[in-house]
Amino acid sequence: MDRSGPEGKPFVIPKQLVWEAYRRVKANKGAPGVDRQSLDDFESDLRNNLYKIWNRMSSGTYFPPPVRAVEIPKPHGGGVRILGVPTVADRVAQTVAALALEARTESIFHEDSYGYRPRRGALDAVAKCRLRCQKKNWVLDLDVQKFFDSVDHNLMVKAVEANTTHEQRWVVLYVKRWLKAPLALPDGTIQARDRGTPQGSAASPVLANLFMHYAFDTWLEQEFPAVEFERYADDGAPRARLEVAM
């Protein structure tokens, strides 16, 4: 991939970061995006494909293609959920930005945030929930309705800006472009977006966690410090001891 160095590039993005992003995309596998290019097809010219991603991102000239929308039936006949499937190259590019953000966000995220984080998972959240349910007699099960479809773009960008340095301004630039990338619907139409972040894209998990860190975790901790909770992405279970006057 190393045809040339970063000289003359407005953004310094390590090539090793692009390589690590590719390794994660490869491990996650996934379906082709709008270009119908599979992971195997991408790897048939791996060196050139990774170089193109690095070169364009470092130059500020990377523009994401539309995200392929896939309808997934919800259980119990509850309609469909729209998942976004970026192209393989775009998943690598998004993962580059996600990795750059992760180093900062992991240092500020709440200890009771469990979704899509390194060395944490749903079973950890369930275990903590079970333990606390033995001590607290009041619990609220919550789900942010259509979070990935409706999250405010301006607030999302502000959260990213608050957690990036001047040298990482490329992350903010590309997050803005990914948030605006249109959806390619199953019927072939292209749908513009002014809110939401596609559930299923590589950058969405860290963006969703960052938004919820401020909108829920930090707010709850400041306003109701006695309330414990577990959150997994846009699902949460805050609880407290209920005092009854006799």
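Preceding this section is the structure that the text describes.
Residues numbered from 1 in each chain as written. Predicted model: local features only at pLDDT ≥ 70, side-chain atom pairs only at ≥ 80, totals over all residues. Heavy atoms only, no water.

**A few points about the sheet that holds strand S7 (residues 231-232)**
Working step 1: Spatially, S4-S8-S7 is the arrangement adopted by the 3 strands of the open sheet, whose pairing is antiparallel. With one partner strand each, in any of the chains shown, strand S4 (142-143) and S7 form the two edges of the open sheet.
Working step 2: Bridging between S4 and strand S8 (residues 235-236) involves 2 bridges; their strand directions are antiparallel. Across the sheet, Asp-143 pairs through a bridge with Asp-235, a residue of S8. (Pairing = 2+ DSSP bridges. Helix = DSSP H or I, 4+ residues; strand = E, 2+ residues; numbered from the N terminus.)

**Here we look at the side chain of Arg-132**
Working step 1: Position of Arg-132 relative to the elements: it lies in helix H5 (residues 122-133).
Working step 2: Polar contacts involving the side chain of Arg-132 include one to the side chain of Asp-112, which spans 3.0 Å.
Working step 3: Looking at Arg-132, its side chain comes within polar contact range of the side chain of Glu-230, at 2.9 Å. (Polar contact = N/O pair within 3.5 Å; in protein donor to acceptor, adjacent residues only side chain to side chain.)

**Brief notes about the pattern of salt bridges**
Working step 1: Counted under the stated rule, the structure contains 10 salt bridges.
Working step 2: The residue Arg-132 makes a salt bridge to Asp-112 at a minimum N-O spacing of 3.0 Å. Taken together, the residues span a long stretch of sequence, with Arg-132 in helix H5 and Asp-112 in the loop between helix H4 (88-108) and H5 at a distance of 20 residues. For the pair Arg-132 and Asp-112, one class covers both residues: buried.
Working step 3: In this structure, Glu-230 and Arg-132 form a salt bridge, with 2.9 Å as the shortest nitrogen-oxygen distance. Separated by 98 residues along the polypeptide, Glu-230 in the loop between helix H9 (204-223) and S7 and Arg-132 in helix H5 bring together distant segments of the chain.
Working step 4: The exposure class assigned to Glu-230 is buried, which follows from its relative accessible area of 4%.
Working step 5: With relative accessibility at 10%, the residue Arg-132 sits in the buried group.
Working step 6: Through salt bridges with shared partners, a single network forms among Glu-20, Arg-23, Arg-24 and Glu-102. (Salt bridge = Lys/Arg side-chain N within 4 Å of Asp/Glu carboxyl O. Buried < 20%, exposed > 50% of the residue type's maximum accessible area, 1.4 Å probe, protein only.)

**Concerning the packing of helix H1 (residues 15-28) against helix H3 (residues 46-59)**
Working step 1: Their axes nearest at 10 Å, the elements H1 and H3 cross at an angle of 120°. Here H1 is positioned oblique relative to H3, judged by the angle of their axes. The two elements H1 and H3 cross, and the hand of that crossing is right-handed. Facing H1, whose interface residues are Lys-15, Val-18, Trp-19 and Tyr-22, H3 presents Leu-46, Leu-50, Ile-53 and Trp-54. (Axes fitted to C-alpha atoms, helices over the stretch in contact; angles between N-to-C directions. Parallel < 35°, antiparallel > 145°, perpendicular 65-115°, else oblique. Left-handed = near helix turned anticlockwise from the far one by under 90°. Contact = heavy atoms within 4.5 Å.)

**Quick look at H4**
Given 3.6 residues per helical turn, the α-helix brings residues three or four places apart onto the same face.
Working step 1: In this model, H4 (21 residues) spans 30 Å end to end at C-alpha, consistent with the 30 Å of a helix rising 1.5 Å per residue.
Working step 2: Taking the largest bend as the criterion, H4 deviates by roughly 40°, centred on Glu-102.
Working step 3: Judged by how many residues are buried, H4 sits mostly within the fold: 15 of 21 residues are covered. (Expected span 1.5 Å × (residues − 1). Bend = angle between axes of the 7 residues up to and from the residue.)

**Thoughts on the sheet that holds strand S2 (residues 80-85)**
Working step 1: As summarised here, the arrangement of the 4 strands in space is S2-S1-S5-S6, forming an open sheet in which the pairing is mixed. Each of the sheet's edge strands pairs with one partner strand only, and the pair in question is S2 and strand S6 (190-191).
Working step 2: Where strand S1 (residues 67-73) and S2 come together, 6 bridges link them in antiparallel fashion. Opposite Pro-73, over in S2, you have Val-80 as the bridge partner.

**So, the pairing of S1**
Working step 1: Pairing of S1 with strand S5 (residues 183-184), which is carried by 2 bridges, proceeds in the parallel orientation. Each bridged residue has a counterpart across the sheet, and for Val-67 the counterpart in S5 is Leu-183.

**Points about the packing of aromatic side chains**
Working step 1: As enumerated under the stated definition, the model contains 10 aromatic pairs in all.
Working step 2: On the basis of an interplanar angle of 85° and a centroid distance of 5.3 Å, the ring pair of Phe-147 and Phe-148 is categorised as edge-to-face.
Working step 3: Ring geometry for Tyr-174 versus Trp-178: centroids 6.0 Å apart, planes at 50°, classification tilted. Here Tyr-174 and its partner Trp-178 are both found in helix H8 (residues 169-180), 4 residues apart, which amounts to about one turn of the helix. Both residues of the pair, Tyr-174 and Trp-178, count as buried.
Working step 4: Each member of the aromatic cluster is reached from another via a ring pair, and the members are Tyr-62, Tyr-174 and Trp-178.
Working step 5: The ring of Trp-54 has Lys-15 lying over it, and the distance from NZ or CZ to the ring centre is 4.5 Å. (Phe/Tyr/Trp six-rings, centres within 6.5 Å; stacked < 30°, edge-to-face > 60°. Lys NZ or Arg CZ within 6 Å of the ring centre and 35° of its normal.)

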